[in-house]
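# Survey of secondary and tertiary structure
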Amino acid sequence: MDMRRARAAVTGTAAVLALLLASACTDKGGGASPTAPPSSSRSVLTGEPGGAGRVLAVKIDNVGPARPATGLDDADLVYAIEVEGGLSRLMAVFDTHRLPAVVGPVRSARETDLQLLAAYDRPALAFSGAQSKLLPVLRSDADLVPVTGTGAFFRRQDRPAPHNEYLRTKGVADRAGTAADIGLRFAAAVPPGGRAGTRASASMPSARFSFAWDGTRYRVSMDGVRSPWTADNVIVQHVTVKESRFHSRTGFVPFSQTVGSGTAEVLRDGRSYAARWNRPGEDDGTAYTVGGRTLPLHPGRTWIVLEPAAGSQSR
């Protein structure tokens, strides 16, 4: 049992009862069910003991020549997002209380990042560049602290460009906001319902993800190849994908819509739950519910795959 899971286990059955049966309250996840807000003594991003630090999000390359990445198992959350050609890119979200020294390989930002990160409290976003019209938007966005083109970036010589740019994380999130409630709820006890299942998958037009439960956590595979990465929770969130307003000369640029509602598959503790997600606005967190009640995650690290919903414009 690793330290993250060992620490999480102390929440016990009492925590899930508090989360599921507490009196009604409004939370940033949209108030879909009567759940208690996260305790100030626990991370709002993982549900584990410890107060909130500042937030650093890093765009990570995720094609074959860029693997394996560095630092993903230190992330609180990892998002998988569609980019050009139907390929995937990752966004790793770190609390500065648990920050690796180096993260990478770092790649460019997209419009999806703006909407996704608006739920956080002014996080730092590290990226290698952006489309010419998007870059000034990122630099002027009051909801972000952009980190690009600084001395914190360096090139490794054991990989070819553009898959070899890395970030030294020390100090880059000093002006970022403190981790905010983004709608996630946590409890160590397994919620009722769901179905037993040790494997799940998600896909984009040119990318595949699979997750296998090993009795302790989920092992992550990408494009049929097992990775070093693990997750305590997996959310396959079905989102509308349309063309970004920031176009590219190389073709269709996807924009994954994370404001709205839709279906999701939530995996925890070797069980799968058919859920719904709801995010009313950009300033709101995302609620994941089953039967109208918030579904708590296992305290720990979560992977969220933004899988194109049926009818999306993915290419």
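Coordinates for the structure precede this section.
Described below are features of the structure shown in this document. The structure displayed is predicted, hence computed values, not measured ones. (Residues numbered from 1 in each chain as written. Predicted model: local features only at pLDDT ≥ 70, side-chain atom pairs only at ≥ 80, totals over all residues. Heavy atoms only, no water.)

On to the overall build of the protein chain, then. Broken down by element type, the protein chain carries four helices and 20 strands. For the protein chain, the residues scored as buried account for 57% of the 315 residues in total. Sequence-distant contacts, at least 24 apart, represent 68% of the contacts inside the protein chain between residues at least 6 apart. (Helix = DSSP H or I, 4+ residues; strand = E, 2+ residues; numbered from the N terminus. Buried < 20%, exposed > 50% of the residue type's maximum accessible area, 1.4 Å probe, protein only. Contact = heavy atoms within 4.5 Å.)

All right, on to a negative patch on the surface then. Together, Asp-121, Asp-143, Glu-282 and Asp-283 line one region of the surface with negative charge. For Asp-143, the position within the fold is in the loop between helix 4 (134-140) and strand 6 (145-147). Classification of Asp-143 by relative accessible area gives partly exposed; the value is 36%. (Patch = residues over 30% accessible without salt bridge, like charges linked within 9 Å, V, L, I, M, F, W, Y side chains within 5 Å. Areas by Shrake-Rupley, 256 points an atom, 1.4 Å probe, with all protein chains shown as cover. Salt bridge = Lys/Arg side-chain N within 4 Å of Asp/Glu carboxyl O. Lys, Arg positive; Asp, Glu negative; His and termini not counted. Charge placed at Lys NZ, Arg CZ, Asp CG, Glu CD.)

Attention now moves to the pattern of salt bridges. Inspection of every chain in the model, using the stated rule, returns 14 salt bridges. Between Arg-107 and Asp-61 there is a salt bridge, with its nearest N and O atoms 3.2 Å apart. With a gap of 46 residues between them, Arg-107 in the loop between strand 4 (102-103) and helix 3 (111-117) and Asp-61 in the loop between strand 1 (55-60) and strand 2 (77-82) connect regions that are remote in the sequence. Note on Arg-107: relative accessible area 18%, which makes it buried. Accessibility expressed as a relative area gives 2% for Asp-61, which makes it buried. It is possible to trace a salt-bridge network through shared partners that takes in Asp-76, Asp-95 and Arg-98.

Moving on, we get to the sheet that holds strand 10 (residues 199-204). Here we have four strands laid out as an open sheet, ordered 10-11-12-13, and antiparallel in their pairing. The sheet is open, and its two edges are formed by strand 10 and strand 13 (225-231), each paired on a single side. Adjacent strand axes in the sheet meet at a mean angle of 25° when their direction is disregarded. Across six bridges, the pairing between strand 10 and strand 11 (residues 207-213) is antiparallel. Opposite Ser-201, over in strand 11, you have Ser-210 as the bridge partner. (Pairing = 2+ DSSP bridges. Axes fitted to C-alpha atoms, helices over the stretch in contact; angles between N-to-C directions.)

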